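Spelled out, the chains give:
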Amino acid sequence: MILNQYIPVILMMLVAAGVAVAVLGLAEFLGPKVVFREKMEPFECGENPIVSPKQRFSVRFYLIALMFIIFDIEAVFLFPWAVNFQALGLFGFVEMMIFVFILALGLAYVWKKGALEWE
Amino acid sequence: MWGLEHIWWVPILPLIGATINGLVGHLLSKRAVGVVAVGSTGLSFLVALAAFGNILGLAPDQRVYESVLFTWIQAGSFTAEAALQVDPLSAVFLMVVTGVGFLIHVYSVGYMGHEAGYPRYFAYLNLFMFSMLLLILGANFLLMFIGWEGVGLCSYLLIGYYYEKQSASDAGKKAFVMNRIGDFGFLLAIMWIFWTFGSIDYTTVFPVAHDKLALGGLAVTGITLLLFLGATGKSAQIPLYTWLPDAMEGPTPVSALIHAATMVTAGVYMVARCNALFNLAPMTMMIVALIGATTAIFAATMGLYQFDIKRVLAYSTVSQLGYMFLACGVGAYVAAVFHVMTHAFFKACLFLGSGSVIHGMSGEQDMRQMGGLGKKMPMTHATFLISTLAIAGIPPLAGFFSKDEILLSAFLGHTPGHLLYWVLATIAAAVTAFYMFRLYFMTFTGELRAEDHHVRDHVHESPNVMTMPLVILAGLAVVGGFLGLPMIEGGHALKNFLDPVFAQPGHAAGGHDVSVGLELLLMGVSVGMGVLGILTARYYYSVKPEAAVELLNKGGMIKSIYTLMQNKYYVDEIYDALIVKPIVAVSDKGLWRFFDVKVVDGLVNFAATFFMGLGSMFRTAHTGLTRSYAYAMVFGGVFLAGFWLFLSSGK
Amino acid sequence: MTPIKIPSIALDAIGPEMVLTATAMVLLMIEVFADKKGRDHLGYIALGGSVLAGALAYKLSGVSVTTFGGLYVVDNFSTFFKIIFMISAGLTALISVKYAQDEGINHGEYYAMILFATVGMCVMASARDLITIFMGVEVMSIALYVLAGMTRTREVSNEASLKYFILGAFSSGFLLYGMALVYGATGTTQLQAIGKAAGLLTGNPMFIAGAVMMTIGFAFKVAAVPFHMWTPDVYQGSPAPVTAFMSTGPKAAAFAAFLRVFAEAFPAMKEDWWVIIWSLAVLTMTMGNVVALVQNDVKRMLAYSSIAHAGYILVGLAVASPAGSSGAAFYLLVYAFMNIGAFALLIVAAGKGERTTTYQDFSGMGRRSPLTALALTIMVFSLAGIPPTAGFAGKFYLFMSALEKGFVWLAVIAVINSVVSVFYYLKLVVYMYMRDEDGEARPEISVAAPLAVAAVVTVCAVMWLGVMPAKYIDFAKSAFLPF
């Protein structure tokens, strides 16, 4: 019977669920609870929170973040290339220049589109 | 003289005509449109004539010519070539289609003269010619199927020609849907043939059919039944016949060309073409004969009841097609083709004659408004009378020879139940003679019954461009039957010509072994039935119309019907009820209403409603909510996973 | 430290992809640097790029190389599909020219996205590695999400874009997870290596789970029931040229990847999955056709009909034969022409803002604009598979491949379905020719030059492929996959 093969899986799921419930339950019952104002405040690197975090962010943050990731990845590619520069030779150089050129075009595009201007 | 290698011009010429009229027709004058349409068909006829001459010039056993134009589809082991084939069978159809088609084109120039959309009409008509010729000339099933679809499409477009009329566009749709049911069977049959033979070429399939298929086996029975389903759709046989009477919504020349002379005989052509397969399937043959005979009598009785001149002719066409299938079913393919030919002549003449009448009556189609037209339309009258006599089977007109041959074949056939079919067909012959002469007497004799003075004063003979085709067709209806002489000795000219196509291995292709005396007796019976029908019609519609009133005074049920029918039309209603009381009771109240409206339309409607309902049900699954779409994906995925695991664990 | 070894790279093999990428970047630069007048030529530049890329792809026919360390393959199969993509992209650019100007989306980005999506499609057709396939899928999909929402001021367009994005991301999850499981079971992402390993893995649950999840991912992309739910909403909401594009090129690309993965990675499990694909095909065609019957809107009807066509094409996969794969390829070629043709004419009829797309809006078209009506009639007849149009040749060849392998019932069901489909296609013809106008004011039908060119090209192609398909079927036959 093929279902026999699944018994370990089911057991595994049961054990996992049991452990999770047990740990949470034990903490709830056994842990001491001391409640005071500072403890209930959100922790923000030691700073006092000044506004509610549930407000909207400007979409520009995302644009900046996306661009950061793109150029970050460019850097990720550039490091190993630089290390192997000699071995890769002229071919590697041309390839990387094309890659950088394409990204530069992208930069030109976002610049011209005004995505870099804050206001 | 042009040889057979130019045969491809026959279908191409009408196609060129259709293209010109379809694309730039609206820029041309009416005259130019007519010249293009008639000219292309006429030239096509001439080329076909040359081809026919060439075929006749060959030795009888070499009368098959195949011309490969190009390879159309080649896929794996499957090859379909765009190839045309001329053999005696297609040659006969070729002459009928191009000849009658040409005459009807000429007639249309006069008949459609006042209509809007003149170029559109001729573009469709030429396109129809192209498709029909492709159907006949195609050298494989696929080309036949393309022609088959094409003629259906053109028929649909032309029925709906007066699309301002709701009934016309409904009729067009009905025709298309019913034909699709048949076409579906045909397509399945083609697939099955390919599956069995690995080819769809006539020249590959038919010679080996005898070796590859067991006599009466499942495969050959299935294939032929599906083919026959296709034929019932196209040729308006039970149960797919109801579109044909409705198709009379189209212009009258279209009814003559498509719904009488050519397209509706495509089913007969197909069965005759596949005779090698049908001969191997006795059960299918029996069904073909049974459906043919039943349709012949059934449609004839329905013709009794109609008042629309074109609907009478439509039911008569259905009935005559029934004869042709009866002939096929008893293995008398020659008789079937013979009847196709003679029927094309006299029925085209009748339709064109009715068109001439309708033209003269300013568009009136109700026979109760007609009468006495014989004096005012002498040409139409004379040609109509000849054709009516021909369809009634009066010697020596064309219909007599072909119908008699069918009856004889049914009487002598080997198909189970052939004597019953003979009886049915013989009765149908009498009924046919009766309702056709009812039509004749109501239309051409007596006094004009139209009330509208405008119509009364306007009655006139049609112009020469319309009467000349009538005269030619009537002439053909007189002499066309002589191709079947001498029939008493068994073989005749047409039979000798067609026999190579229908020769079967293992069976002698000889004539019937029958004494002259029996043949003459049967002939006498069928002529007698025809005369009986004519005389009855004459009595009730010409000599003594008041006989009905006497019958009426006997009271009872008839009287109550009388009170129901208040106006002057009652006479006809009651004549009908009295003369063929039992038949009408069955055909009109029982069969026509019930079968037509409930069963056949019901089935079509059911299919539509069923799918529509299913569609609405599924449509509600599209709530527009993205999350429910995601759920559907998850459930589908779970199902897929379970299914796959189940399948792989099964091993 | 060992230096990086450069794998063998055949740059000439990716000529079409490079041309497309370069053209797309040129379009972006024009968008930001050129003046307003320069934008009038955007569509034609995109068309030119597609044509050039198509020509390069065509030059590669007969070539068979595997390059980039086995990640990328150029064979007749991929070449044939790339030609379909270029036809799809080029025609879309052509039918977009007028539309984009009318709807205010005449931006470089619009055409660039079409070309970027096409690059992704090319990668999908040529990929011989799970990771490369996924990359192609994402390049294509992300561009399509943007295209769906291109008409930003129309609410349905936004809705289409967002729905497509969310569900598309969901399906990408399935696809990627499936790939991970397959990798886990076989230890490789290379398709042929998976195929070899799979022989020893029949019945392995992890491998099967991976295969199932990948099937779900592909089934979503080709819009197979029950993973089709996004299709009607997205197709209806997207701008009409984008819908024309999505239903042809990307669908073909998804089929290309679907076919290649199943042919090269999972042939050992053919016995299991043909039933699955068989069921998907039947469900998809039936559902698509049946629901299309009850639609009132022509654009939505075409969306459901596109689902039905995906069902027919799945037949080519279900039969798991070389003839099946080339049958599917040929059908997709035909479908690209006829569906884009139908959408081109829909754009003509719908007028600005796509306001008039119900059946009712087509009434009297035969009289108002006879040539448009005629062309649309040819297109719907082809979609319905009525000879002698290309749709018939395509269906015939495809269903024949099913018959050859003995899949009689599948062929019969497919034929029944194509009979059912005639009803709703015919309805359009009925409205155009057999209904008079209802007196409501509709925009005057005017056919802009590029649309007219697209219509003429597609009509000619549909007729030509229907009457003389032999040469093209031969080409398709050379574009097979060994199962």
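Calculation criteria
- Residues numbered from 1 in each chain as written.
- Chains lettered and ligands numbered in written order.
- Predicted model: local features only at pLDDT ≥ 70, side-chain atom pairs only at ≥ 80, totals over all residues.
- Helix = DSSP H or I, 4+ residues; strand = E, 2+ residues; numbered from the N terminus.
- Buried ≥ 20, exposed ≤ 12 C-beta atoms within 10 Å, placed from the backbone.
- Contact = placed C-beta atoms within 7 Å.
- Nonpolar A, V, L, I, M, F, W, Y, C, P; charged D, E, K, R; others polar.
- Expected span 1.5 Å × (residues − 1).
- Bend = angle between axes of the 7 residues up to and from the residue.

Break down the overall build of chain B for me, with residues and values.
Secondary structure summary: chain B contains 28 helices and 2 strands in total. With 651 residues in all, chain B has 57% of them scored as buried. In chain B, once contacts between residues fewer than 6 apart in sequence are set aside, the share between residues at least 24 apart is 80%.

A description of the overall build of chain A should follow, citing residues and the corresponding values.
The helix and strand inventory of chain A stands at 4 helices and 0 strands. Listed by position from the N terminus, the elements making up chain A come as α-α-α-α. Within chain A, the proportion of its 119 residues that are buried is 0%.

Lay out the interface of chain C and chain A with the relevant residues and their values.
Facing 8 residues of chain C, the contacting portion of chain A comprises 8 residues. A per-class count over the side of chain C that touches chain A returns 8 nonpolar, no polar and no charged.

Could you give an account of unusual backbone geometry, naming the residues involved and the relevant values?
Most of the time, phi is negative for any residue but glycine, and the peptide bond is trans. All names here are of chain C. Residue P226 is bonded to the preceding V225 through a cis peptide linkage, with omega at 5°. Topologically, P226 is positioned in the loop between α8 (205–222) and α9 (230–237). Phi angles above zero are rare outside glycine, and A223 is one such case at about 60°. Mapped onto the secondary structure, A223 falls in the loop between α8 and α9. Residue classification places A223 among the buried residues on the basis of 28 C-beta atoms within 10 Å.

Outline the interface of chain C and chain B, supporting the account with residue identities and numerical values.
The partner chain B presents 50 residues to the 55 residues of chain C that form the contact. Those elements that provide at least two residues to the side of chain C that touches chain B are α6 (155–186), α8, α9, α12 (270–293), α17 (390–404), α18 (408–434) and α20 (470–478) of chain C. Among the elements that take part in the side of chain C that touches chain B, α18 of chain C stands out by supplying 10 residues, more than any other. For the side of chain C that touches chain B, a count of residues per class yields 44 nonpolar, 4 polar and 7 charged.

Which residues make up helix α15 (residues 333–360) of chain B, and what values do they have?
Residue and element names in this part refer to chain B. If you check α15, its first and last C-alpha atoms are 40 Å apart, about what 28 residues at 1.5 Å a residue would give, namely 40 Å. By the largest-angle criterion, H343 marks the main kink of α15, which is about 25°. In the stretch just after α15, S362 is the one whose phi turns positive, near 55°.

Outline helix α19 (residues 449–467) of chain C, listing residues and values.
Because the α-helix completes a turn every 3.6 residues, residues three or four places apart line up on one side. Between its first and last C-alpha, α19 of chain C extends 27 Å over 19 residues, near the 27 Å set by a 1.5 Å rise per residue. Along its buried surface, α19 of chain C packs onto α3 (76–103), α14 (322–350), α16 (370–384), α17 and α20 of chain C.

Describe the environment of V337 of chain B, naming the residues involved and giving the relevant values.
Residues and elements named next belong to chain B. As for its placement among the helices and strands, V337 is situated in helix α15. Note on V337: 28 C-beta atoms within 10 Å, which makes it buried. Between the C-alpha atoms of V337 and V268, which are 69 residues apart in sequence, the distance is 7.6 Å. Other than its neighbours up to four places away in sequence, V337 contacts L89, V92, A272 and L498.

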